Amino acid sequence: MTKHQLENELATSARLPLSTAVKAIDGLIRIAKEKLAEGEEVSIRGFGTLTPIEREGHTGRNPKTGEPVVVPAHRTVKFRISREFRDTLNNEGG
C-alpha cells in the first residue's frame, strides 16, 4: 500500500475529506521523523514502537564486484511490532 492509497483508505473509512486525511498522515509522519531525529522513541499502541539506534561503521562488500566498501557509522530506526498487531497478523493474515 502506498501513502496515497493509505490517505484514500483513511478518508473513506473515517468518512473524512481527502484533504483532511492527507494532512493527518503528513502530520503524523512529520512528527514521527522529528521525534526520532531527536532520539525519542515513537510508540503507537496496537501497532508498534519505532526506536532510533546507532549503527557502528564497518567494512562491507559490494555484491557485484566483491570489493570491500566502508560503511560509515549512522543512525537508523528499529521497529518492534506490538503483541496485538502480531496476533492480528497471525490469526487473520495467516
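Remember, it's a predicted structure, so these values are computed and weren't measured experimentally.

1. Points about the packing of aromatic side chains
Here is step 1 of the chain: Using the criterion set out here, one finds two aromatic pairs in the structure.
Here is step 2 of the chain: Taking 5.3 Å as the distance between ring centres and 50° as the angle between the ring planes, the aromatic pair formed by F47 and F79 counts as tilted. A residue pair is termed long-range when its members are at least 10 positions apart, and F47 in the loop between strand 1 (42–44) and strand 2 (48–55) and F79 in strand 5 (residues 74–81) qualify at 32 residues.
Here is step 3 of the chain: A residue is classified by how much of its surface remains accessible, and F47, at 40% relative accessible area, is partly exposed.
Here is step 4 of the chain: Using a relative accessible area of 38% as the deciding quantity, one classes F79 as partly exposed.
Here is step 5 of the chain: Ring geometry for F47 against F85: centres 5.2 Å apart, planes inclined by 20°, an arrangement best described as stacked. In this pair, F47 is assigned in the loop between strand 1 and strand 2 and F85 in helix 3 (residues 83–92), connecting sequence segments 38 residues apart.
Here is step 6 of the chain: Among the aromatic residues, ring-to-ring pairing joins F47, F79 and F85 into one connected group.

2. Some remarks on the side chain of E7
Here is step 1 of the chain: Looking at the secondary structure, you find E7 in helix 1 (residues 3–13).
Here is step 2 of the chain: Among the residues examined, E7 registers a relative accessible area of 7% and is labelled buried.
Here is step 3 of the chain: Apart from residues no more than four positions distant in its own chain, E7 is found in contact with L18, A21, V22, I25 and D26.

3. Some words on the pairing of strand 2
Here is step 1 of the chain: When strand 1 meets strand 2, the two strands line up antiparallel, connected through three bridges. Bridge pairing in strand 2 places S43 opposite T49.
Here is step 2 of the chain: Between the antiparallel neighbours strand 1 and strand 2 lie three residues, among them G46 with a positive phi of about 85°.
Here is step 3 of the chain: Looking at chain direction, strand 2 and strand 5 are connected through eight bridges and run antiparallel. The residue bridging I53 from the neighbouring strand is T76, located in strand 5.

Rules of the game
- Residues numbered from 1 in each chain as written.
- Predicted model: local features only at pLDDT ≥ 70, side-chain atom pairs only at ≥ 80, totals over all residues.
- Heavy atoms only, no water.
- Phe/Tyr/Trp six-rings, centres within 6.5 Å; stacked < 30°, edge-to-face > 60°.
- Helix = DSSP H or I, 4+ residues; strand = E, 2+ residues; numbered from the N terminus.
- Buried < 20%, exposed > 50% of the residue type's maximum accessible area, 1.4 Å probe, protein only.
- Contact = heavy atoms within 4.5 Å.
- Pairing = 2+ DSSP bridges.

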